[in-house]
Structure formats: structure tokens, C-alpha cells
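# Structural features, examined
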Amino acid sequence: MKAVIAQIDHNALIHNVKTIKAMVPDSHIAAVVKANAYGHGLLTVADTLQPYVGAFAVARLDEALSLRERGISRDIILLEGFFEDSDINTISHHNFLTVIHDIEQVDAIERAEVAKPIRCWMKIDIGMHRLGASYDQISEMKYRLENCRNVKHPLGLISHLSVADTPSESEYNCEQIDRFIKVSRDFKGDLCLANSAGILKWPASHTKWVRPGIILYGISPFEDKVGSDFGLKPVMTLRSSLIAVRKVKKGAKVGYGAAWTAPVDTVIGIAAVGYGDGYPRTAPTGTPVWVNGRIAGSVGHVCMDMMFVDLGPQASDRVGSEVVLWGSEVPVEKVAKLCGTIPYELVCHIMPRVKVSNLCT
Ligand SMILES: *Cc1c(COP(=O)(O)O)cnc(C)c1O
């Protein structure tokens, strides 16, 4: 009998990166591996992807350092730049590529004393209002960076699409792409715009570099689609097993808060997985769970270490029977939707106690 494991299928990862390459034949891929490669394991994912991608993109300096320590030699992009002045020397030393999104970062780079000039992509805000130079700051930031001896030339340009995955905001998305393309005419360095949704849906956003995250892991960025709709394969399968199987009578109150009452005599399976592993407590009764080759539904509240599955009155499942919470058998996109969240959050939230099993051939 197995406790919960996150099985990571590296063949699926290779299949996905090759599928993405075919979608953007003229672009280089910066594989987004922030947040422990969306819960899939930063270092093992990077090892597998390295031969297929031009760069890796991360959100924190520590993530970049872990990749270098592992021996990853590809370019590494810091999507949020540096947070402290002292990071600038680390960036120079390891030849990381940093995003500069704020005028205070420009001040810091000008003040710094670096051994080698650092590679920078200036970030502009084209409509998300999260990070990036606003319109009235672009020329000043660009001028100062281009005239700074600590910055390697030419300067690149990066931005992020806020509604590429939102069908009702198509027009706003097109405006954002247009803004990027207009500003990019003044930049001689590399350009980088598309996220996963941009790659799948907006060819105009395919600049020299693209930044796929969620689709590398075989997951759709669109709420109404699953990865397989785009020829992608899920990389993570969250598996566990039943540690108890019990008959309950009609009217039996199941779990904390008596949140579910059996409508008929039935058989309940207790699966060894809960929110302490990263399975969402918000999963409502009826969330699909694969058990022994069929789809059953969860019932009651998810506990920290266990959850309840209604196996049905005729169930012949035994203790030890295999359970899949998401993966090829149950799309994580569907589970996320039922939980009122996005699949990104579910895979990111896999807890350290979940054993990882890497499948490779
Ligand atoms: C996380 C992130 C991405 C990847 O987004 P996906 O939707 O997973 O493809 C791209 N760019 C930036 C700036 C990000 O923060």
C-alpha cells in the first residue's frame, strides 16, 4: 500500500516542450520553472528540459542559484529582477539575466560596482499594472540603462500579458500586444512577451523569446479547456491509496461537521491524502477521484491527511486500492474549477511530505 506520491512523468515533459517548439518555430523558449517548477521539482525538471530550451525563467534569486549549483549552464532570467542591492553582484558573478521593472532598480544598478556588466531586459507595463515602467518612465529608464557602464548592451525588452487567457477581454489583449510591439521598435536587444496563453492563442505575441510555464506541465491556461485539447500530456499524477473501506447506512453522517449524509446504504473509501499533502480542502462533494479504473466522487470535508470517497453500494474495492486525485485519469483543470481556483495553485501547493517519483525512460 502506498502513501501519497506525486509521480512526475519526464517523458510527458519532453513531449510537451517539443509540442510547444512546434507551435513557435521562430522563437526561443525560456522555460518558466519558478515555485519549484510549479510543484514538479525544480532541479529534475530543469535537468530534463535543458537540452530543449534556450533559457530558464525564475522569480527568485535563490531559485536561479539552485539551478547554477545543479550545473545548469543555460541562461537564467530573473522575472522580478533583484530585491536588494547586494544581489547585483551575485547576478553579475553568475551571469544571470535580470529584468529591470522599476526606477529604483535603475538607481541601484548605477550605484553598483560589478566585475562584469549585467544583462538586462527592461520591463514595461502594457496594461496589467503589476510590474514594469509606465509610459512616462520608459524613455528615462531606457536612457539611463543604455548609458550605464554596469549594463551589458543591447538592452532587451520584456512585458507580460494580463488577459491572454480571458476570452471576454480579447480586445484589451490585442491593445497590450500592440503597445509592446510599438515600444519594441526602439529596442535593439531581445524581445520577450508571450506566456502559455499567448503561445497557444496569440501568434502576434510570439517575439524572439516566449515564456511557457503551465503548458510545459501539460496543463491548460484556459478555464474551459484541458491540456489534451492542445496535444499536451499531464506531467504530474497525484496518487494515493485507500487505507480503509467501510459500509455506511443511509443517513450516516460522514466526516467533520457531519458535512455529508449518506442518501442510501453505500461503501465509503478513506483515501490517504488531504490538505496536509496539498489536496485542496475546498474540493466539494462530488469532486472526481479515480479509484480502481473508474471515476468516483469525493464526499464531505477533505481532512488534513485523509478524504472520503463514495465507492457506491456495489463496491468491491479493498484497502490498498489505488486512487488518483489528478493526472491523465482526472484533469487537474477540472478539480481546480470545482474548487474555485486555477490548476496553477493546485500543483504549486504540493507539500514537502509528498514523495516524488520521477518516471523517465
Ligand atoms: C509565471 C510567469 C509566466 C508563465 O506563465 P504561464 O501562464 O504559466 O505560462 C510568464 N511570465 C511571467 C512574468 C510570469 O510571472
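Attention in this report is confined to the structure presented alongside it. Quantities reported herein were computed from a predicted structural model and do not represent experimental measurements.

### A look at the nonpolar core
The biggest cluster of nonpolar side chains holds 112 residues, and the ones touching the most others in it are Y279 and W326. One finds W260, A262, I268 and V299 within the second-largest nonpolar core, a separate group that totals 9 residues.

### Brief notes about the layout of surface pockets
Rolling a probe over the atoms, with the probe sized like a water molecule, indicates the empty space that remains. Reported here for the largest pocket is a volume of approximately 900 Å³. Surrounding the largest pocket, 37 residues form its lining, K34, Y38, H160, N195 and Y344 being those nearest its centre. Elements represented by at least two residues in the lining of the largest pocket include exactly helix 2 (34-39), helix 9 (196-201), helix 10 (332-338) and helix 11 (343-348). Top contributing element to the lining of the largest pocket by residue count: helix 11, with 4 residues. Of the residues that constitute the lining of the largest pocket, the class distribution is 18 nonpolar, 7 polar and 12 charged.

### Concerning empty space enclosed by the protein
A complete count under the given rule lists 1 cavity of 30 Å³ or more for this structure. Here the largest cavity is characterised by a volume of approximately 40 Å³. Classifying every residue of the lining of the largest cavity by side-chain character gives 4 nonpolar, 2 polar and 3 charged.

### Points about the pairing of strand 10 (residues 236-248)
Consecutive side chains of a regular strand alternate in pointing toward one face of the sheet and then the other. When strand 1 (residues 5-9) meets strand 10, the two strands line up antiparallel, connected through 4 bridges. Counterpart to Q7 in the pairing with strand 10 is T237. One ladder, built from 6 bridges, connects strand 10 with strand 13 (residues 266-271); its direction is antiparallel. Paired with R246 across the bridge in strand 13 is I268.

### A closer look at the pairing of strand 15 (residues 294-299)
Where strand 14 (residues 288-291) and strand 15 come together, 4 bridges link them in antiparallel fashion. When the sheet's bridge partners are listed, V291 is paired in strand 15 with R294. Hairpin connection from strand 14 to strand 15: 2 residues lie between these consecutive antiparallel strands, with N292 at a positive phi of about 50°. Pairing between strand 15 and strand 16 (residues 307-310): 3 bridges, direction antiparallel.

### Quick word on the side chain of Q105
Locating Q105 in the fold gives a position in helix 6 (residues 103-111). Those residues within four positions of Q105 in sequence are excluded, and the remaining contacts are E80, G81, F82, V99 and I100.

### Observations concerning the site of the ligand
What surrounds the ligand is a group of 14 residues, the closest being K34, Y38, S196, I214 and Y344. Interatomic distance of 2.8 Å between a backbone N/O atom of I214 and an oxygen atom of the ligand. Using a 2 Å cut-off from the grid points, one finds that the ligand occupies the largest pocket. Tallied by class, the residues present in the shell around the ligand amount to 6 nonpolar, 4 polar and 4 charged.

### Remarks on helix 3 (residues 42-49)
Residues of helix 3 that are buried: L42, V45, A46, T48 and L49. Looking straight down helix 3, one finds that the buried residues subtend no more than 165° of arc, so they occupy a single side. Elements in contact with the buried residues of helix 3: helix 1 (10-23), strand 2 (28-32), helix 2, strand 3 (55-58) and helix 4 (61-69).

### Quick look at the packing of aromatic side chains
Enumeration over the complete set of coordinates arrives at 5 aromatic pairs. Taken together, a centroid distance of 6.1 Å and an interplanar angle of 55° make the contact between W121 and W209 tilted. Separated by 88 residues along the polypeptide, W121 in strand 6 (residues 119-123) and W209 in strand 9 (residues 209-210) bring together distant segments of the chain. The same class applies to W121 as to W209, namely buried. Among the aromatic residues, those joined into a cluster by ring pairs are Y38, Y217 and Y344. The ring of F187 is capped by K142, whose NZ or CZ atom sits 5.2 Å from the centre of that ring.

### Notes on the packing of helix 6 against helix 7 (residues 135-146)
Orientation of helix 6 relative to helix 7, taken along the N-to-C sense of each, is 15°, at an axis distance of 10 Å. Here helix 6 lies roughly parallel to helix 7, going by the angle between them. Once helix 6 is placed against helix 7, the crossing between them reads as left-handed. The segment helix 6 lies against helix 7, with I103, V106, D107 and E110 engaging Q137, E140, M141, R144 and L145.

Rules used throughout
- Residues numbered from 1 in each chain as written.
- Predicted model: local features only at pLDDT ≥ 70, side-chain atom pairs only at ≥ 80, totals over all residues.
- Heavy atoms only, no water.
- Core = buried A, V, L, I, M, F, W, Y, C linked by side-chain atoms within 4.5 Å.
- Buried < 20%, exposed > 50% of the residue type's maximum accessible area, 1.4 Å probe, protein only.
- 1 Å grid on protein atoms, 1.4 Å probe; cavity = no way out; pocket = protein on both sides within 12 Å on 5 of 7 lines; lining within 4 Å.
- Points joined across faces, edges and corners; volume = space filled by probe spheres on them.
- Helix = DSSP H or I, 4+ residues; strand = E, 2+ residues; numbered from the N terminus.
- Nonpolar A, V, L, I, M, F, W, Y, C, P; charged D, E, K, R; others polar.
- Pairing = 2+ DSSP bridges.
- Contact = heavy atoms within 4.5 Å.
- Near = heavy atom within 4 Å.
- Polar contact = N/O pair within 3.5 Å; in protein donor to acceptor, adjacent residues only side chain to side chain.
- Sits in = over half its atoms within 2 Å of the grid points.
- Arc of directions from axis to C-beta.
- Phe/Tyr/Trp six-rings, centres within 6.5 Å; stacked < 30°, edge-to-face > 60°.
- Lys NZ or Arg CZ within 6 Å of the ring centre and 35° of its normal.
- Axes fitted to C-alpha atoms, helices over the stretch in contact; angles between N-to-C directions.
- Parallel < 35°, antiparallel > 145°, perpendicular 65-115°, else oblique.
- Left-handed = near helix turned anticlockwise from the far one by under 90°.

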